Structure formats: C-alpha cells, structure tokens
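The primary structure of each chain is shown beneath.
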Amino acid sequence: MAYTVQDIATALDAECYGNTGLAIAKVAEPASAGPDDLALLTNPKFVDGLARGAARVALLWPGADWQALGLEAAIVASRGRFALAGLTAMMDPGQHFPRGIHETALIDPSADLAENIRVAPYAVIGPRARIGANSTIGPFCHIGADSVLGEGAFLRDHVSIGARVKIGAGFRAQPGARIGADGMSFVTPEVSGVERARGSLGDQGDVKAQKWARIHSLGAVSIGDDVEIGANTCVDYGTIRDTSIGNGTKIDNLVHVAHNVTVGTDCLFAAGVGIAGSTRIGNNVVLGGHVGVTDNTVIGDNVIAGGGTKVLSKVPGGQVILGYPAVKMDTHLEMYKALRRLPRLFKQVAALQKSVSKNGSND
Amino acid sequence: MAYTVQDIATALDAECYGNTGLAIAKVAEPASAGPDDLALLTNPKFVDGLARGAARVALLWPGADWQALGLEAAIVASRGRFALAGLTAMMDPGQHFPRGIHETALIDPSADLAENIRVAPYAVIGPRARIGANSTIGPFCHIGADSVLGEGAFLRDHVSIGARVKIGAGFRAQPGARIGADGMSFVTPEVSGVERARGSLGDQGDVKAQKWARIHSLGAVSIGDDVEIGANTCVDYGTIRDTSIGNGTKIDNLVHVAHNVTVGTDCLFAAGVGIAGSTRIGNNVVLGGHVGVTDNTVIGDNVIAGGGTKVLSKVPGGQVILGYPAVKMDTHLEMYKALRRLPRLFKQVAALQKSVSKNGSND
Amino acid sequence: MAYTVQDIATALDAECYGNTGLAIAKVAEPASAGPDDLALLTNPKFVDGLARGAARVALLWPGADWQALGLEAAIVASRGRFALAGLTAMMDPGQHFPRGIHETALIDPSADLAENIRVAPYAVIGPRARIGANSTIGPFCHIGADSVLGEGAFLRDHVSIGARVKIGAGFRAQPGARIGADGMSFVTPEVSGVERARGSLGDQGDVKAQKWARIHSLGAVSIGDDVEIGANTCVDYGTIRDTSIGNGTKIDNLVHVAHNVTVGTDCLFAAGVGIAGSTRIGNNVVLGGHVGVTDNTVIGDNVIAGGGTKVLSKVPGGQVILGYPAVKMDTHLEMYKALRRLPRLFKQVAALQKSVSKNGSND
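Treat the numbers as computed from the prediction; the structure is a model and nothing was measured.

This paragraph deals with the overall build of chain A. The helix and strand tally for chain A stands at 6 helices and 39 strands. Taken over the C-alpha trace, chain A has a radius of gyration of 27 Å; the compact-globule value for 363 residues is 21 Å, which it surpasses by more than 25%. Judged by the C-alpha coordinates and their principal axes, chain A covers about 90 × 65 × 30 Å. Put simply, chain A has 363 residues, and 60% of those count as buried. Put simply, of all contacts in chain A between residues at least 6 apart along the chain, 20% involve residues at least 24 apart. Counting every atom, chain A has about 13,400 Å² of accessible surface; 50% of that belongs to carbon and sulfur. Taken as two groups, the 33 positive and 34 negative side-chain charges of chain A have centres that lie 10 Å from each other.

For the rest of this paragraph, the subject is the environment of Phe154(C). Residues and elements named next belong to chain C. Assignment of secondary structure puts Phe154 in strand 16 (residues 154-155). Measuring from C-alpha to C-alpha, the distance between Phe154 and Asp108 comes to 20 Å, with 46 residues separating the pair along the chain. With sequence-adjacent residues up to four places away left out, Phe154 is seen in contact with Gln95, Phe97, Thr136, Phe171, Arg172 and Ala173.

Contacts between chain C and chain A engage 87 residues on the former and 77 residues on the latter. The junction of chain C with chain A conceals about 6,400 Å² of combined surface from both sides, 65% of it contributed by carbon and sulfur atoms. Counting every contact that joins chain C to chain A gives 5 salt bridges. For the salt bridge of Asp266(A) with Lys211(C), the shortest nitrogen-to-oxygen distance reads 3.1 Å.

On to helix 4 (residues 193-200) of chain A, then. Residues and elements named next belong to chain A. Taken as a whole, helix 4 has its buried residues at Gly193, Val194 and Ala197. End-on view of helix 4: buried residues confined to an arc of 95 degrees, all on one side of the axis. Among the residues trailing helix 4, Leu201 stands out with phi positive, at a value near 55 degrees.

Turning our attention to the packing of helix 5 (residues 329-340) of chain A against helix 5 (residues 329-340) of chain B. Between helix 5 of chain A and helix 5 of chain B, the shortest axis-to-axis distance is 9 Å and the interhelical angle comes to 95 degrees. By the angle between their directions, the pair helix 5 of chain A and helix 5 of chain B is classed as roughly perpendicular. On helix 5 of chain B, the residues that touch Thr331(A), Met335(A) and Leu339(A) of helix 5 of chain A are Tyr336(B), Leu339(B) and Arg340(B).

It is worth spelling out the domain arrangement of chain A at this point. As far as domains go, chain A holds domain 1 (3-91) and domain 2 (328-362). For domain 1 of chain A versus domain 2 of chain A, the separation of C-alpha centres amounts to 56 Å.

Attention now moves to the interface of chain C and chain B. Listed by partner, the interface residues are 77 residues for chain C and 87 residues for chain B. Regarding the contact of chain C and chain B, the summed buried area is about 6,400 Å², with carbon and sulfur atoms giving 65% of it. Applying the counting criterion to the chain C and chain B interface returns 5 salt bridges. Ionic pairing is found between Arg79(C) and Glu195(B), a salt bridge with its closest N-O pair at 2.9 Å. Listing elements by their share of the side of chain C that touches chain B, those giving two or more residues are strand 4 (26-28), helix 3 (80-91), strand 27 (250-251), strand 30 (268-269), strand 38 (320-322), helix 5 (329-340) and helix 6 (342-361) of chain C. In terms of residue count, the dominant contributor to the side of chain C that touches chain B is helix 6 of chain C (10 residues).

Turning our eyes to something else, we now look at the relation of the copies chain C and chain A. Between the two chain copies there is a screw-like relation: a rotation about an axis and a shift along it. Aligned on chain A, chain C shows an RMSD of 0.0 Å; the corresponding rotation is 120 degrees and the shift along the axis is 0.0 Å. Here the transformation between the copies is reduced to the relation of a three-fold axis. Mapped onto chain A, only 20% of the interface residues of chain C again fall at the interface, so the copies present different surfaces.

On to the pattern of salt bridges, then. Scanning the entire structure with this criterion turns up 39 salt bridges over all chains. Linking Glu190(A) and Lys208(A) is a salt bridge whose minimum nitrogen-to-oxygen distance equals 3.0 Å. In this pair, Glu190(A) sits in the loop between strand 21 (186-187) and helix 4 while Lys208(A) sits in the loop between helix 4 and strand 22 (213-214), placing the two residues 18 residues apart along the sequence. Since its relative accessible area comes to 48%, Lys208(A) is described here as partly exposed. Among the charged side chains, a salt-bridge network with shared partners connects Arg156(A), Asp157(A), Glu228(A), Asp182(C) and Arg214(C).

The next thing to look at is the pairing of strand 20 (residues 178-181) of chain C. Side-chain positions along a regular strand alternate between the two faces of the sheet. All names here are of chain C. Relative to strand 20, strand 17 (residues 160-161) runs parallel, the two sharing 2 bridges. Within the sheet, the bridge partner assigned to Ser160 lies in strand 20 and is Arg178. With 3 bridges connecting them, strand 20 and strand 25 (residues 234-236) associate as parallel partners. Opposite Arg178, over in strand 25, you have Cys234 as the bridge partner.

The subject of this paragraph is a negative patch on the surface. On the surface, Asp203(A), Asp206(A), Asp330(B) and Glu334(B) cluster together to form a negatively charged patch. Of note, Asp206(A) is situated in the loop between helix 4 and strand 22. Judged by relative accessible area, which is 68%, Asp206(A) ranks as exposed.

It is worth spelling out empty space enclosed by the protein at this point. A complete count under the given rule lists 7 cavities of 30 Å³ or more for this structure. Roughly 530 Å³ of internal volume is contained in the largest cavity. If you go around the largest cavity, you meet 22 residues; those closest to its centre are Tyr324(A), Leu339(A), Leu339(B), Tyr324(C) and Leu339(C). For the lining of the largest cavity, the secondary structure elements donating two or more residues are helix 5 of chain A, helix 5 of chain B together with helix 5 of chain C.

Residues and elements named next belong to chain B. If you walk across this open sheet you meet the 10 strands as 8-11-14-17-20-25-28-31-34-37, and the pairing is parallel. Each end of this open sheet is capped by a strand with a single partner; those strands are strand 8 (106-107) and strand 37 (310-311). In the sheet, strand 28 (residues 256-257) pairs with strand 31 (residues 274-275) via 2 bridges, with the strands oriented parallel. Paired with Val257 across the bridge in strand 31 is Ile275.

What follows is about the side chain of Ser135(B). All names here are of chain B. Take Ser135: it is sitting in the loop between strand 12 (130-131) and strand 13 (136-137). Within the structure, Ser135 has its side chain in polar contact with the backbone oxygen of Gly132 (distance 2.8 Å). Contact partners of Ser135, with chain neighbours within four places excluded, come to Asn116, Ile117, Arg118, Gly150, Glu151, Gly152 and Ala153.

Right, let's get into unusual backbone geometry. The omega angle of the peptide bond from Tyr324(A) to Pro325(A) is -5 degrees, so this bond is cis rather than trans. Here Pro325(A) shows up in the loop between strand 38 (320-322) and strand 39 (327-328). In this structure, Asn284(A) takes a positive phi of about 55 degrees despite not being glycine. By secondary structure assignment, the location of Asn284(A) is in the loop between strand 32 (280-281) and strand 33 (286-287). Relative accessible area serves as the criterion here: at 14%, Asn284(A) is assigned to the buried category. Positive phi, close to 55 degrees, is recorded for Asp266(C), a residue that is not glycine. Mapped onto the elements, Asp266(C) comes out in the loop between strand 29 (262-263) and strand 30. A relative accessible area of 7% places Asp266(C) in the buried class.

Conventions adopted
- Residues numbered from 1 in each chain as written.
- Chains lettered and ligands numbered in written order.
- Predicted model: local features only at pLDDT ≥ 70, side-chain atom pairs only at ≥ 80, totals over all residues.
- Heavy atoms only, no water.
- Helix = DSSP H or I, 4+ residues; strand = E, 2+ residues; numbered from the N terminus.
- Rg over C-alpha atoms; globule rule 2.2 N^0.38 Å.
- Buried < 20%, exposed > 50% of the residue type's maximum accessible area, 1.4 Å probe, protein only.
- Contact = heavy atoms within 4.5 Å.
- Areas by Shrake-Rupley, 256 points an atom, 1.4 Å probe, with all protein chains shown as cover.
- Lys, Arg positive; Asp, Glu negative; His and termini not counted.
- Charge placed at Lys NZ, Arg CZ, Asp CG, Glu CD.
- Buried area = accessible area lost by both parts, 1.4 Å probe.
- Salt bridge = Lys/Arg side-chain N within 4 Å of Asp/Glu carboxyl O.
- Arc of directions from axis to C-beta.
- Axes fitted to C-alpha atoms, helices over the stretch in contact; angles between N-to-C directions.
- Parallel < 35°, antiparallel > 145°, perpendicular 65-115°, else oblique.
- Domains from an automatic or database assignment.
- Least-squares fit on C-alpha atoms with pLDDT ≥ 70 in both.
- Pairing = 2+ DSSP bridges.
- Patch = residues over 30% accessible without salt bridge, like charges linked within 9 Å, V, L, I, M, F, W, Y side chains within 5 Å.
- 1 Å grid on protein atoms, 1.4 Å probe; cavity = no way out; pocket = protein on both sides within 12 Å on 5 of 7 lines; lining within 4 Å.
- Points joined across faces, edges and corners; volume = space filled by probe spheres on them.
- Polar contact = N/O pair within 3.5 Å; in protein donor to acceptor, adjacent residues only side chain to side chain.

The structure is reproduced here in structure tokens:
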C-alpha cells in the first residue's frame, strides 16, 4: 500500500494536482482522515468534514478548487463514484489467507488445480474438480465432485460448491454462499390443493391430505464470468437442465435463486431477494432488497424493482416497478396517494348521500 | 445408471412401448436430449422441442402417439409430474462423498453410530450423539452433544445440529441448515414499549430506554420422519418445550422457524418464509415464498398462503390467503381491483359533488 | 444443575415458600412437568396445566395461592417473564464443546488469546487476532486476521469473523453468523437507470446496458458490548468507515446489515430484517420480522416497526409503524379499514350517480 497520489491518479485515469509524490496510507472520510490519508470528497455537500480532519490530499469532484480547500494535493475524477471502484480495488487490505496449499487442505488426487492457487486451512476439494489459475479457496470451503471454477476465483470461508457446478472466470463468493443445493421440488400423487388454487385464483377444491414425493435435482448450476454471490446466498440445482446465471451478474447476501431459474447478464440483486422456480430474469435487471418473484414467470431486460416489490406475474422489459403486487412505480404512487386520501373520500360520499337524499326528498 | 426403458417403467409403475431394452444415459429436456437420453415430455405443449433434439425415447403424457413422434420407445405415466419423483430418484448423480468414516472426521468416543454410515472429511460428532443406520454426514457438519438422527439421514455439507436435537428417520438437510440455534427471546426489566404498543395497537406510551435480558433456550428441537430442511434455513430451540416439526414436512432455503413454533405434518414452506415465536402451524399447510407469520398465532390445517403473504392474526383451516395483512385470496383480488379503480372513483365523486352542488343550488 | 428452590429464588431476587430445600432437575411447562421439575406458571391463564403434570414446585405470578394449587413449594416473581431470564441462564444445558484448545484448532502464532479460552475442533484463528478471556470459539469458526473479540465471547459453530472486525465484550454469535462479508457496492461507468429512476421516482430514462464495477470494502465492522447475532445473519464491511452496531443490540436469524449501516444501542431486530447501505438506525429501535429499511435513510430512537414493514423513507423517533410503505400504525389501520370498505363505496357512488342523474333530469 505504498501508493503515491500520482500512482493512484494514473490507475484511475484521473487528473492530479499539487504535491503528487505524497504517499497515501489509506482512504478515509474527510472528517476522520489523518495526514497520510486520502480523503474521499466527491460530493461538495460533505466539504465541511474536511476541516474536521487532517487530510492533505483528497479525491475531489470536477471543478473543485483544491487549493482553496487548503489541500497540498488533489485527485479529480469525472465520476467520483466510479473512480471509487478503482481506488478501493487498489487499497483493499484483503483477508490474509495463507499462501499456497495449506497442509490441512484435502484435495482429491483426481482434482485438477492450475497454477498459483491458494487453498486455505480445512478446505476440501472433491474428485475431478477443476480450479482455474490464480484462484483462492478460503477456509472450510467445500468444492464438490466434477465442479469447475474458472480463473481468478476468490472464495471467502465456508462456501459450498455442489457437485457438477460450472462457474466461469472471476467468480467471487462471500462467506456461507451455497451454490448447488438441491432444488425444492415436491409433488403429490394426485392433483393438490395448491395446483387447484392456482388455477382457480383461490379455490383449492375438496381438501385432501397428501404426502409430498421428492423430485431430485438432476441438473446443476451454470454461472458465467465475473459473477459475485453474497454471504449465505443460495443458488439451487435445476431439475433437468441447469439453473443459470449470466456474465457480470452481482448478487447480495441472503438471496434465493431457485431451481431452473435463468438470470441474464449484468443483473444486480440486493439482499433478501427470492426468485422462485423456473422463472426467467432478463439482462441488466435490478432488484431491490426483499424483492420476491413468483415461479414460472418472466422479467424482461432492464426492469428495475424497488425494495420490497413482490412480482406475481410477467413484467415487460424496461419497466420500473414497486409494490405488492408489483405495478409500475407511477401507478403505485397514484394508488398510494388515493389510498391515503380514502378516509376523506368516505366523508365526501357520506355528505353527498345526505345532500342527495335531501334533494331527492324535495322531489 | 445403466437402466433400460423397461427398468424405469417398472420402477415408476408406468407403461412402456417399443424398444424397451434401450439403455438410458440420463434424463434431458426434449430439445437438448442426445440419442441415449430419456426426453422428458409430459406436457404436449412442449412437443416441438423433440424435433430439435436427438431423443429416441421419451416419458410421455397419457394418450401420446409415440410412433407418430418418431420415437423408438416410450414410457407413459398417468401423472407425469409424479412420475418425475421416482425417475429423478433413480437417476440422481449424488454428491460423491467418500465412503466410510473419513480419517479426519472427529467422532466422540461416547457417540453411537449404527451400521453403514458415511462420515465425510472434517465432520464433527459430539458426545453421546446417536446416528441411525445408512446415514450420510457431509463435510464440515457438526452434530451436537446428545442429539439423535434417525435412519437414512442425508446431510449435505456445513450443517449444524445443535445439542439435544431429536430428528426422525429419512431426514435431509441442505448445506448450511441450522437446527438448534438459540431462540431469540429477550425481555426488559419493566414493561416495554413493544408490549404496550401491541396491547394498544400502536401506542407505546412513555418511551423509556431499557436493556434487554436474555432468555436462554432450555428446550431443544424435535423433528419427525421424512423431513427436509433447505440451505441456510434456521430452526431455533424452544424456550422450555421443544420447537417441533411434524412428519413429512418440507422446508426450502433461508426459512426461519422460531422458538416454540409447532409445525404439523406434510407442510411445505417455500424459500424465505419466517414463522415467529410460539406460533402453531397445522397439517398440510403450504406457505409461498417470503411468507411471514406473526408470533403466538395459529394457522389451521390445509391453509395455502400465496407468495409474500404476511399473516398478522389467526387463520382458520382450509383458507387460501394472500396479501399484507393476509386476507382470503378472493377478498384480496376484490380489494386490489377496487384500489386500481380508485383514482377513477375520485373523479366520479368530484363530478357528483359538482352536479349535486348545482342541483342543490336549484332548490 | 443441583439447584434448590431457595438457590433459584435467591438468584432471581424472588420470594419463595414451602419446602425450599427441594432440588430442581429442570424447568418444564406445567402439563409436562415431572416431580423434580420447576413448573413455569407465571400467567394464571395456564393454571389448568398444573393438574395434568406432576410438579411439586412452580414459578408463580404475584398473589398466587401456591398451597391452594396443591404445591409443596413455590417461587413468586414480580415480573415472571423477566425472572425467566435469570432462571434460564442458570439452567442452560449448554453445547458441551470440549474444554481447552482442541488439537485440531489452528491458531496463528501471532494471534493473542487471553486466559480460559475454549477453542473447539477445527476452528481457525488468523494472524494477529485477539480473543478476550473466558471466550468460547466453536467448531468450524473462522476468526480473520487482525480481528478483536472482547471478553466472554461465545461463538457457536460455523461462525465467520472477517479480517479487521472489532467486537466488544460479551458477544454471542449463533451458527453461521457472518460478520464482515464484503459490502455489496457496484457502480456503472456512466449514470445508471437506477440512479435516474430514483431521482425521478420511476423514470429510468434511456435504457443502456452497462457493466458493474466493484467497489471494494476498505472499512470493517465495529460491534459494541453485549451484542448477539443470530444464525446465518450477515453484517457487511463498510466501504470507507466501519459498519457499526451499538452496545446491547440483539439481532435474530437471517438478518442483513449492509455496508456503512450504523445501528444504535439496545436495538432488537427480529428474523429476516434487512437494512440497506448507509442507513442509520437510532437507539432502542425494535424491528419485527421481515422488516426492510431502504438505503441512506434514518430511523430515529425508540421506533417500533411491526412485522413486514418496509421503510422507504425517514422515520422520526418514537413512532410505531406498519405497512408497505411504512406509515404510523394508526394510519395504517385507518387506511386498511377504508380499503376493506371500498367495494361498498363503489356501490354507494354508483347509486348516487343514478340518483343524481334522475334528480338532474328533473331539472
């Protein structure tokens, strides 16, 4: 972490000014920055913090007057939030897992590990698994039989990769991610109340107790390149075909992706999202926290769903949606405003009834 | 996996036709089936896929003309989805955990393991635990002190079974399942704002900061036979009595079953369900994804709750419910339709007001 | 567990009567209590159970006539639920992890462990980690580099503590808790549809597919004293500053606390809660099950949110809220009642229209 202001500016493809040879210890918020820290000040709204800290150099918004701010040096990025990606990648302190393959790691003799791989203590790699070069397998990870991880995988601790899972390059998994749990698929010997209630929108017919028979998962999970899976998130096997996640998709913590689901490229799922079985999610779809999507439906490309949205039916591409059940965001706002005004409406109608009744009695 | 068409038909108690000696490599969707695969085609809607694949044999719906479909052989099941249970059980490729008890497994000398048990690498089995015959304990599983697992348990990796948990035969747990976490039960020295707000439906009275005192869990968890628990799902200890789950109940990923909850037999909980403390769930209850149920309430037998339903009070048996708060599904649809038409109603009332005001002025 | 009635009463600072030398085997519900059990009967509503069990002693409500109940002894607590905290702490049967540092535990030579610490089988403690006295580190726990755990920590199994996490005294973590997963923070090179939709309340402008660039987490997690974290709950690293949780806060299972979130003191979060990035939660805040809070917002002190509430904007201190979007509980009830009566209102307005039209035609 011995980067100078110039090093950082060069890496970010940003402009720098002043004493660009200053060495940066770490990145800090303006108010808590020490004299060797780079203060992060990409929004003029937070400029007051600078005076409370001791920063001599800051990452600033375009047009900022670094000298007037009393700084010795500055980096200026045209889109500060985007520059933060490069900056934090440079300064990431990491997890300090031991280098090399730890003596307690159990690697099946038939597994195939490429060069420059870290395998942390108490990791287990099963038969015929293949791990790409420059990968890190964290402590207590289990890599199942016949699974494939592409180059540059980084698995934190306690990650499960089930048998036969195929993952592309640049994969990241947070602690406790579960890729390849069995799909939750059960069936009754005769048509069930659930099947009838779905067909009739609410009538389950004659209630009859039945046992559930298990449908095993013969499919696996296929994940593209540059995918990230959050802590304790679960991606289930498909039933016959694979559950699949496209290139560049990023998934937060505690998300559920059920059997047979297809997720497109460059999607973003916030924490607590749940996608039920066999649903298809397009490309560049953004789902907010706690969003749920019903089974066997389709969400088009570029859909954005606000936090808590529950999608109960198909959503065309490009829509911005909210609510339970999901509707277009402007429709939701209109419905909601009407609901807030509803108690008043009741009063108005009561007054009208009185008035009309009086008018009527005049007939 | 060297089953013939005849073997499979016999196992499924289904009819078969044509060259029933054909050996089946695996099950596939029609469009991606190879010449040695059994195409799964139980719904005539997907018949077009068959021509795009190379299947010579398919599992077909009753009445299908297999010869007209150009097949060499066919299996016909009266309820294809149910046949899929038996078929996938036969063809499940499994996890390939090593046979026997791995040398790195730590088994307390006082634990009692029946015959034919697999204990995978780095599993830990605590004092006085008892494991039934023909069970598999996956990698990184922890089986707590004095716990009991019945015959034929299958635990994937990273499963936690807390001390004193009792589980029947045929148990399945997906990666990261937690059975027997401590119940979340805290109490303030004096009556809290929450207790008052619940009594008054919204008024917490005078606000007073208090510390939370921990109520420890003295109860455990009791689980019946043939239960399945999904990945990263949590079932908490009871406070005094056990939290309990009845025979045949199947629970998906990321579900929370709190302390003292009683779940009946043959229930099905989809992913993300949460059941709060001391609630009783009847038999054959089906809860969709992200369903929440408040504490200390009762859900009757055969209730079906659609995805996202939040149950805030008692639900009689047999109801099909939806919404937040939960109402009967047809009531929900009626309320929702009314809400969609509400902006128009406001306009109608405004027009009426104008009209009545005009009429009134005619008086 | 050889406590007498007198021992327990003394520990709870409660009154006791009768044969106070009776030894107590365990605590039980009245109907299932054996002759050596302490029946828990702090609510007269459940008094009938006593006759069905065999208890000779009970924990009773103030004013109960223990002799008339046929008991040989009694403990009377002024607030029975609070007494339960002390009682269950005394009687907790525990997890029976082995004493001392297990031979399979891997402890980096640079780690610093105080006295009287248990480290269970297959726990890993990383470089420069510091563990306070009288702590228990359960099986398969991973304590990351440079992390600090205060005195008296109790970690069940499979807990992840990431590098650089700082935790105070008296910490408890349930199985699978993840402290210090990377924050979920991604940014597009140019302004994204999400950024535009948030600004415009629903209009994402021209749709454009962009890749997500990762913002790494340079901050860590800071947790105060006496905090409990539930099973499979996730607390993410901050981006620049630490994510922080104040003293005395208790968090249930499957909760998500995102990057940069600040949680105050003595809060209580039920299972399934999700707090999105950079949000600030005050002190003594109680969030029911499945509550979601949007990012970059503020919840004041002493707020209580009912189960399923989704908070989409700032909440002033002291409010009791419910609903999606969250409103004050009494407003919610009023809106909900109006919604239930809405179909009737439509009929009334239709009748009015008919009546007015008739009246109007009389003009």
